[in-house]
Amino acid sequence: MADVYANLIGGEWVASTTASRNINPSDLSDVVGEYAQADAAQTAAAIDAAAAAFPAWAAASPQRRSDILDAAGSAILARKDELGRLLSREEGKTLPEGVGEVTRAGQIFKYFAGEALRLSGERLDSTRPGVDVDITREPLGVIGLITPWNFPSAIPAWKIAPALAYGNTVVMKPADAVPGSSWALAEILVQAGVPAGVFNLVMGRGSVVGEAIVSSPKINAISFTGSVATGRRIGARAFETGKKFQLEMGGKNPLVVLDDADLAIAVGAALNGAFFSTGQRCTASSRFIVTEGIHDRFVAALAEKMAALTVDHALKPGTDIGPVVSQDQLEQDLRYIAIAKDEGARLVAGGERLTRETDGYYLSPALFADTANSMRINREEVFGPVASVIRVRDYDEALAVANDTEFGLSSGICTSSLKHATHFKRHAQAGMVMVNLPTAGVDPHAPFGGRKGSSYGAREQGAYARDFYTTIKTSYVFGG
């Protein structure tokens, strides 16, 4: 057996009795590495280590926390090509996307290095003479982080960095399919000087490691990104045990295209939003809601652009779209393609399993037309390169259809009308609204999150991250 990448517990790299093989979805013969699988006892040890390290880390100066986060960010950026290649090997993003995501992770660490120094409070005059009121923010304690496979560098970064910046300690479980990028982040944090126990990495099954994190009384808060079903279970368990929790879950994101839209802009936004990163983004466009006057031209132009996309090995130059992340995900994508056909949707392009030089999980991006918003293909999250077109009469119907979903993460519109763009910004039932842009693609210093079934709790990223990773204390002082 090859060397096994160990878990990080209390500042030590700790081996386990079992390991998981990390396979490249572009080439199933390529083993990225063997990664330790923690058991419940090791997870408990990591939680104990984080709890023991919390008092000293919470009391550490903001400058010390800032310096460590800044050093970690610099190291990530210095190694972005290497780490981007690792990310693309294990997740299947194209190499430019992999390097871009790692770059974003480094920038996030540097941003929160600054936020560690900017945490402020507030002073109020009391209604009682001679009494001062101070409002301050304090760390929560031990944070459990459960991260997904689709952004194995950026999403861990935007959870780890604010947690540490505001004085918390961390126990993190990455997704089973992509442990390599998280392991690399853990190694960088150790080298940057994070004290023992402040950051702990426990890789393993959700039913074992995730369950131990969720059920532990020593975990004060949980930040989760993943499926709706898992998120709801975690939320219920966290509520039962009094934990603060933050959930980022699914999306069924609409992109409205009006008759007055610039066709090239609309098609570009649709192509990027639906199919780049193999459609494996919670913010991906999956419903194109198109008014009658532009509908046929939009479908034809989008299908033409799709035909020119190259689906191949993620590391191969010229690849536009890499493989689906796993066999399970590929089977889910193909199942929904079959469901759409059975529902009467017309397959305009793609939707076929592809064979390439290397054995991998390759799928041609699929576009359906003649669909209704009541179809399963438009109600349930596929999480792959599959999108559908819904024909509508006018803007009012488009807005109604866009909002007719249990999700509310990202919503977009393509139009040259300031009136319609302004109205859509105000009335789209989503946490993020894009005008003449892909629904996928956000800035790391701006708040991220949705409403309805997509998100629960405080926003992630930017200065708004402090709302989750800190608790507010109000102090009253009478000087006599």
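A brief look at the structure comes next. (Residues numbered from 1 in each chain as written. Predicted model: local features only at pLDDT ≥ 70, side-chain atom pairs only at ≥ 80, totals over all residues. Heavy atoms only, no water.)

## Quick look at the side chain of Asn24
Phase 1 of the analysis: Along the chain, Asn24 falls in strand 4 (residues 18-24).
Phase 2 of the analysis: A polar contact is formed between the side chain of Asn24 and the backbone nitrogen of Ser26, at a distance of 2.8 Å.
Phase 3 of the analysis: Sequence-distant contacts of Asn24, defined by excluding residues within four places in its chain, comprise Asp30, Val32, Ser88, Arg89 and His313. (Helix = DSSP H or I, 4+ residues; strand = E, 2+ residues; numbered from the N terminus. Polar contact = N/O pair within 3.5 Å; in protein donor to acceptor, adjacent residues only side chain to side chain. Contact = heavy atoms within 4.5 Å.)

## As for the packing of helix 2 (residues 62-78) against helix 4 (residues 95-118)
Phase 1 of the analysis: At their nearest, the axes of helix 2 and helix 4 sit 8 Å apart, and the two run at 165° to each other. In terms of orientation, helix 2 and helix 4 fall into the roughly antiparallel class. For the element pair helix 2 and helix 4, the recorded crossing hand is left-handed. Side by side, helix 2 and helix 4 meet where Pro62, Gln63, Ser66, Leu69, Asp70, Ala72, Gly73, Ser74, Ile76 and Leu77 of the first sit next to Val102, Thr103, Ala105, Gly106, Gln107, Phe109, Lys110, Phe112, Ala113, Gly114, Ala116 and Leu117 of the second.
Phase 2 of the analysis: For the contact of helix 2 with helix 4, the class distribution of residues is 12 nonpolar, 8 polar and 2 charged. (Axes fitted to C-alpha atoms, helices over the stretch in contact; angles between N-to-C directions. Parallel < 35°, antiparallel > 145°, perpendicular 65-115°, else oblique. Left-handed = near helix turned anticlockwise from the far one by under 90°. Nonpolar A, V, L, I, M, F, W, Y, C, P; charged D, E, K, R; others polar.)

## Notes on the sheet that holds strand 20 (residues 410-414)
Phase 1 of the analysis: What the 7 strands build is an open sheet, ordered 15-18-19-14-13-20-21; its pairing is mixed. A single partner strand is all that each edge strand has here, and the edge strands are strand 15 (346-349) and strand 21 (432-435). Averaged over all neighbouring strand pairs, the angle between strand axes comes to 25°, with direction disregarded.
Phase 2 of the analysis: Two strands pair when backbone bridges link them, and strand 15 and strand 18 (residues 366-369) are joined in this way by 3 bridges, in the antiparallel orientation. When the bridges of strand 18 are listed, Arg346 appears paired with Ala369. (Pairing = 2+ DSSP bridges.)

## Regarding the pairing of strand 13 (residues 253-257)
Phase 1 of the analysis: Most of strand 13 sits inside the fold, with 5 of its 5 residues counted as buried.
Phase 2 of the analysis: By the alternation rule, side chains of strand 13 split into Asn253, Leu255 and Val257 and Pro254 and Val256, which are all buried.
Phase 3 of the analysis: Where strand 13 and strand 14 (residues 285-291) come together, 5 bridges link them in parallel fashion. In the sheet register, Pro254 faces strand 14, and the bridge partner there is Arg287. (Buried < 20%, exposed > 50% of the residue type's maximum accessible area, 1.4 Å probe, protein only.)

## A closer look at the environment of Arg353
Phase 1 of the analysis: Here Arg353 is to be found in strand 16 (residues 353-354).
Phase 2 of the analysis: By relative accessible area, which is 42% here, Arg353 ends up partly exposed.
Phase 3 of the analysis: Here the alpha-carbon distance between Arg353 and Ser411, two residues 58 residues apart in the chain, equals 29 Å.
Phase 4 of the analysis: Every residue in contact with Arg353, bar those within four places of it in the chain, is listed here: Leu330, Asp359, Gly360, Tyr361, Tyr362 and Leu363.

## What to know about the pairing of strand 9 (residues 169-173)
Phase 1 of the analysis: Burial analysis of strand 9 places 5 of its 5 residues in the buried class, the great majority of the element.
Phase 2 of the analysis: The two faces of strand 9 match: Thr169, Val171 and Lys173 on one face and Val170 and Met172 on the other face are all buried.
Phase 3 of the analysis: As paired elements, strand 8 (residues 142-146) and strand 9 share 5 bridges and run parallel to each other. Directly across from Ile146, in strand 9, lies its bridge partner Lys173.
Phase 4 of the analysis: A crossover connection joins strand 8 to the parallel strand 9 through helix 5 (residues 154-165); in handedness this β-α-β unit is right-handed.
Phase 5 of the analysis: The sheet contact formed by strand 9 and strand 10 (residues 199-201) spans 3 bridges and is parallel. Looking at strand 10, one finds that Val171 is bridged to Asn200.
Phase 6 of the analysis: Read as a crossover between parallel neighbours, the route from strand 9 over helix 6 (residues 179-192) to strand 10 is right-handed. (Right-handed = clockwise from strand over helix to strand, strands pointing away.)

The values are spatial; any link to function lies outside them.
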